[in-house]
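Okay, here's what each chain looks like letter by letter:
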Number of protein chains: 2
Amino acid sequence: MMERRQPIPVEEAIKKVSQYQKHGEVEWVPLKNSLGRFTAEDIVADHDVPAFDRSPYDGFALRAEDTKEASSEHSIEFEVIDHIGAGMVSPKTIGPFQAIRIMTGAKIPDGANVVIMIELTKTFEKDGKPFMSLKRPLQKGHNISRQGEETLKGKVMVKKGIKVTSGVTAILATFGYAVVPVVKKPVIGIISTGTELLQVSDAMMEGKIRNSNLSMVFAQVLEAGGEPLDLGGVSDDFNQSYHAVKSALSKVDMLITTGGVSVGDFDFLPAIYEKLGAEVLFNKVAMRPGSVTTVAALPNGQLLFGLSGNPAACFVGFELFVKPIIYRWCLKENPYPSFALAKLTHDFPKANPFTRFVRAALQFTGSQLSVTPTGLDKSSAVTSIADANCFIALPGGTRGFQAGDQVNVLLFQHEGGGSPCWMPN
Amino acid sequence: MMERRQPIPVEEAIKKVSQYQKHGEVEWVPLKNSLGRFTAEDIVADHDVPAFDRSPYDGFALRAEDTKEASSEHSIEFEVIDHIGAGMVSPKTIGPFQAIRIMTGAKIPDGANVVIMIELTKTFEKDGKPFMSLKRPLQKGHNISRQGEETLKGKVMVKKGIKVTSGVTAILATFGYAVVPVVKKPVIGIISTGTELLQVSDAMMEGKIRNSNLSMVFAQVLEAGGEPLDLGGVSDDFNQSYHAVKSALSKVDMLITTGGVSVGDFDFLPAIYEKLGAEVLFNKVAMRPGSVTTVAALPNGQLLFGLSGNPAACFVGFELFVKPIIYRWCLKENPYPSFALAKLTHDFPKANPFTRFVRAALQFTGSQLSVTPTGLDKSSAVTSIADANCFIALPGGTRGFQAGDQVNVLLFQHEGGGSPCWMPN
């Protein structure tokens, strides 16, 4: 007797999984190793920026009150008593009609209250001493970058849950984070099921296919910020599969299996979940590909992701259900992908009884987004995955779409945008 | 005497640098280490996909000619002579009124020329043997995924110069690339110049700032696919700086220096380039920030990137001039960032005597792109870099812009799109 499964809408399935979100702990890593990690604490300014009054230009620091009488007819002379570059601090204090030659970024010397750009001065020698003259009155405070004018000490510069990019790295360095508090990566076990699977290094054999899902999911975990753990493969045998899953649980934060979730005679995952005492959150989603995607939760909250053995369905299942859980583990505030509207460049005549995710490539064409399916959407096709940088998300219950139609696009590679909600209508 | 420099347009500067593009060599890395690398050769299908005629469903394989007489009134019975899952090959040949129970992905058995879905059959036993009956005539070839219908052996699946993503990984695995030909990363040396620079782990000191450019550029090199090499810092001393640069050249494919390219009294890079016999391609670009960005080429074609010491200018200089050279080294066909048009969400009242790059965050709002500057665009500000995922690129010679205006956006994080041309007009 065939098992009857009740499909649930994609949004509902995502919400069910989201109830089992956990958060990772903090670990400290050297700054150079923090790229791509997620901050586990707010990153705080440990000093004002600028940290001291400094010169924004190459010029001379002096006292504005000494320039009062200057005019195009009447130049005023200053003795240049020191010469400092960025990083140097003059030990001298500027007195009346004295100046210090100062380079961009250097600290304003004591006694000075204005900087004049070098281009507006004339330098010369008098009695063997360096002098400078100027021909305009200056306003006190002009051309001085004030301590704290960009940032005050104590300000949160980067919130927790933010992915460390090169830009974030600059902030971490500025504020002395030689080691950085980042979220400990979740360990995601991967078990490949299926007697048909060859290793990548194997020669082809009759009736078999190479295991592409393992490498793909391994990479997807890395891309999302998790730590993948290859737990090997099991053939289509219940006991072997059950023991592989059971012994994996203590080694991982979450477990992904690929294959074995359909209703075929050798699809043992449903029975394994039952024997483990796991609650099956859903075993059928109203979507293509990936309708057999099954997610279960153990009593301790540990999630078991049963992804389809079909590569395209496996890919979609990961992006929709696993990635947000990894992101939330890493404290990312908006763990769901961004959506956008884009103009379809080609007809897509297939009807869509269920929500359909079509692998596609998004293009920016001026102010318009356009989107092109990257291949036949055969759910078994591995070959159209590579060029895809988004999914076209076609609502269930729709007929075909035509070139020029506006369609929803799920931007699974887009970080930063996105709110924790599902497809716009 | 102040040096006079002639600024050149951004596009011209990029083109000048592009004339020194070099390509990296191939190296073979294990599949698991290939994520984020660029393919150095075309990736070719080593077998047809499917590799054999296979079943797309759970069902029964049989001979269509045996179903001719079937109808809703007249069911026809078949003896089930075998039962195979994916990866299994039946040793049996199907004869008249025989069938083999077959699971999704399994090889069509010899003698069979059609598959019927399991839901359309009835199974029972007769004389202790398994039987199946059906009530409709079937067409020869129906429900068989034909060998090669997705991909033929020899087809180029992924071109060279493509970044390995999780999707690409699936293809590599499918076609047996246990080791992958990728481009050997260019080694990019980084020398930090400036007496004002503290290490990230140092406590703050009067007049000094922590070296944020090193960490940032190190990360930018990683993000672009290069191999950064921290060559330490030099203080504002000509001889020390000269020798640091000279001794770096044999260790790196390209060299980045940060700081020392302005016209201040301690900016030695121009003189160092001269002494090395390097051709200075430009030493002033008509842009803000980063106008002092200087690029020189040695007689052997080795590029020397003199980025500004100012963090925001340094960041822009890298993205505009260094990243495309790294991408081309990695054989990426379109090494330049994508542009898009987006609606400005806030006024940007500053006039733009030169091309201005404003750090900004791009949002997808329906079919419209909108863009928000991420901070004061003080060229010394490090703090607005972190949230930025693009630059607003404002043409030189323009006055301010207002909320609602369409502006050009340079998508420096966007892979895949982009053509090798500069800003649209």
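Residues numbered from 1 in each chain as written. Chains lettered and ligands numbered in written order. Predicted model: local features only at pLDDT ≥ 70, side-chain atom pairs only at ≥ 80, totals over all residues. Heavy atoms only, no water.

Examining the packing of aromatic side chains
A full pass over the atoms with the stated rule returns 21 aromatic pairs over all chains. A ring pair is formed by A:Phe238 and A:Phe268, whose centres lie 5.9 Å apart and whose planes are at 85°; its orientation type is edge-to-face. Here A:Phe238 is found in helix α4 (residues 238-248), whereas its partner A:Phe268 is found in the loop between β15 (254-258) and α5 (269-276), with 30 residues between them in sequence. What makes A:Phe238 partly exposed here is its relative accessible area of 22%. Arranged with centres 5.3 Å apart and planes meeting at 75°, the rings of B:Phe315 and B:Phe412 form a pair that is edge-to-face. One end of the pair, B:Phe315, is in helix α6 (residues 311-329); the other, B:Phe412, is in the segment after β24 (406-411), with 97 residues separating them in the sequence. Here B:Phe315 matches B:Phe412 in class, with each residue buried. The ring of B:Phe218 has A:Lys32 lying over it, and the distance from NZ or CZ to the ring centre is 4.6 Å. (Phe/Tyr/Trp six-rings, centres within 6.5 Å; stacked < 30°, edge-to-face > 60°. Helix = DSSP H or I, 4+ residues; strand = E, 2+ residues; numbered from the N terminus. Buried < 20%, exposed > 50% of the residue type's maximum accessible area, 1.4 Å probe, protein only. Lys NZ or Arg CZ within 6 Å of the ring centre and 35° of its normal.)

Overview of the domain arrangement of chain A
Taken domain by domain, chain A consists of domain 1 (10-24 + 185-329), domain 2 (28-46 + 156-183), domain 3 (59-134) and domain 4 (338-411). Using only C-alpha atoms to locate each centre, domain 3 of chain A and domain 4 of chain A end up separated by 65 Å. (Domains from an automatic or database assignment.)

Concerning helix α2 (residues 166-174) of chain A
The buried fraction of α2(A) amounts to 9 of the 9 residues, a majority that puts the element mostly inside the structure. All of the buried residues along α2(A) are A:Ser166, A:Gly167, A:Val168, A:Thr169, A:Ala170, A:Ile171, A:Leu172, A:Ala173 and A:Thr174. For α2(A), the secondary structure elements touched by its buried residues are β2 (43-44), β9 (156-158) and β10 (179-183) of chain A together with β13 (209-210), α3 (212-224) and α6 of chain B. A:Gly176 occupies a position one or two residues after α2(A) and carries a positive phi of about 80°. (Contact = heavy atoms within 4.5 Å.)

Some words on helix α3 (residues 212-224) of chain A
One turn of the α-helix equals 3.6 residues, which is why residues spaced by three or four share an orientation. Residues and elements named next belong to chain A. Counted at 1.5 Å a residue, the expected span for α3 with its 13 residues is 18 Å, and the 18 Å between its end C-alpha atoms agrees. Along α3, the residues classified as buried are Ser-212, Asn-213, Leu-214, Ser-215, Met-216, Val-217, Phe-218, Ala-219, Gln-220, Val-221 and Ala-224. Taking the backbone nitrogen of Asn-213 as reference, a side-chain oxygen 3.3 Å away marks Asn-211 as the first, capping residue of α3. Positioned one or two residues after α3, Gly-225 has a phi angle of 105°, which is positive. (Expected span 1.5 Å × (residues − 1). Polar contact = N/O pair within 3.5 Å; in protein donor to acceptor, adjacent residues only side chain to side chain.)

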